[in-house]
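# Fold and contact review
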Amino acid sequence: MIEAEDLKQQLIQARQSEMIAKEKLIEISIQGLPTIDTNQLLTNKNDTEVEKLSKEIEKERIEYQEKSKNLQLQLNGLKSEIEELKVEEKQTNWDIIHNQLLQQGENKYATLQKTKAGTTQDRVTFFEEL
């Protein structure tokens, strides 16, 4: 549980960092890029500020994806643990019937659609069978 909270905090920090980087990129795009001489561009070996920001955004995006993937895996693990902990003895007959119907693809919406389909006689017959 503590690990999940740590991952949530890291995810929040990554989102905040991503927002800051996006704001910087928007600020630069609004201000416009300074005109650069092509000769000066060839001689300048350092990354421009835009390239640095785009690299930073890409790095944080990858970190965000990794963290969200880890959180999703943990969530799926917790779901499977919860399913294992459910005691079948505590399930009522109605719970068992409900689970069987769900596995067959039956739910209240499917039942409503079946009652509306067909002729009047078919609908009456179906409704009586319920």
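### A word on the environment of L75
Structurally, L75 is set in helix α3 (residues 49-85). With 71 residues separating them along the chain, L75 and A4 place their C-alpha atoms 9.0 Å apart.

### Focus on the confidence of the model for the protein
Of the residues in the protein, 85% have a pLDDT of 70 or more, and the chain-wide mean is 79. When mean pLDDT is compared element by element in the protein, helix α4 (residues 93-103) scores highest at 87, while helix α2 (residues 38-43) scores lowest at 50.

### Topic: the pattern of salt bridges
For the structure shown, the criterion picks out two salt bridges. In this structure, K22 engages E18 in a salt bridge whose closest nitrogen and oxygen atoms are separated by 3.6 Å. On the criterion of helical spacing, the pair formed by K22 and E18 is a turn pair, its members being four residues apart in helix α1 (residues 2-31). Look at K22 and you get partly exposed, because its relative accessible area is 39%. Of the charged contacts, one joins R61 and E58 as a salt bridge, the two residues approaching to 2.4 Å between their closest N and O atoms. Taken together, the positions of R61 and E58, both in helix α3 and three residues apart, correspond to about one turn of that helix.

### Comments concerning a nonpolar patch on the surface
Taken together, W94, I97 and L101 make up a surface patch of nonpolar side chains, about 340 Å² in accessible area. Along the chain, L101 turns up in helix α4.

### Re the side chain of K67
Position of K67 relative to the elements: it lies in helix α3. No salt bridge forms around the buried K67; measuring N to O, its nearest opposite-charge neighbour E63 is 4.9 Å away. Leaving out residues up to four positions away in the same chain, K67 has contacts with Q10, L11 and A14.

Calculation rules
Residues numbered from 1 in each chain as written. Predicted model: local features only at pLDDT ≥ 70, side-chain atom pairs only at ≥ 80, totals over all residues. Heavy atoms only, no water. Helix = DSSP H or I, 4+ residues; strand = E, 2+ residues; numbered from the N terminus. pLDDT = per-residue confidence, 0-100. Salt bridge = Lys/Arg side-chain N within 4 Å of Asp/Glu carboxyl O. Buried < 20%, exposed > 50% of the residue type's maximum accessible area, 1.4 Å probe, protein only. Patch = residues over 30% accessible without salt bridge, like charges linked within 9 Å, V, L, I, M, F, W, Y side chains within 5 Å. Areas by Shrake-Rupley, 256 points an atom, 1.4 Å probe, with all protein chains shown as cover. Lys, Arg positive; Asp, Glu negative; His and termini not counted. Contact = heavy atoms within 4.5 Å.

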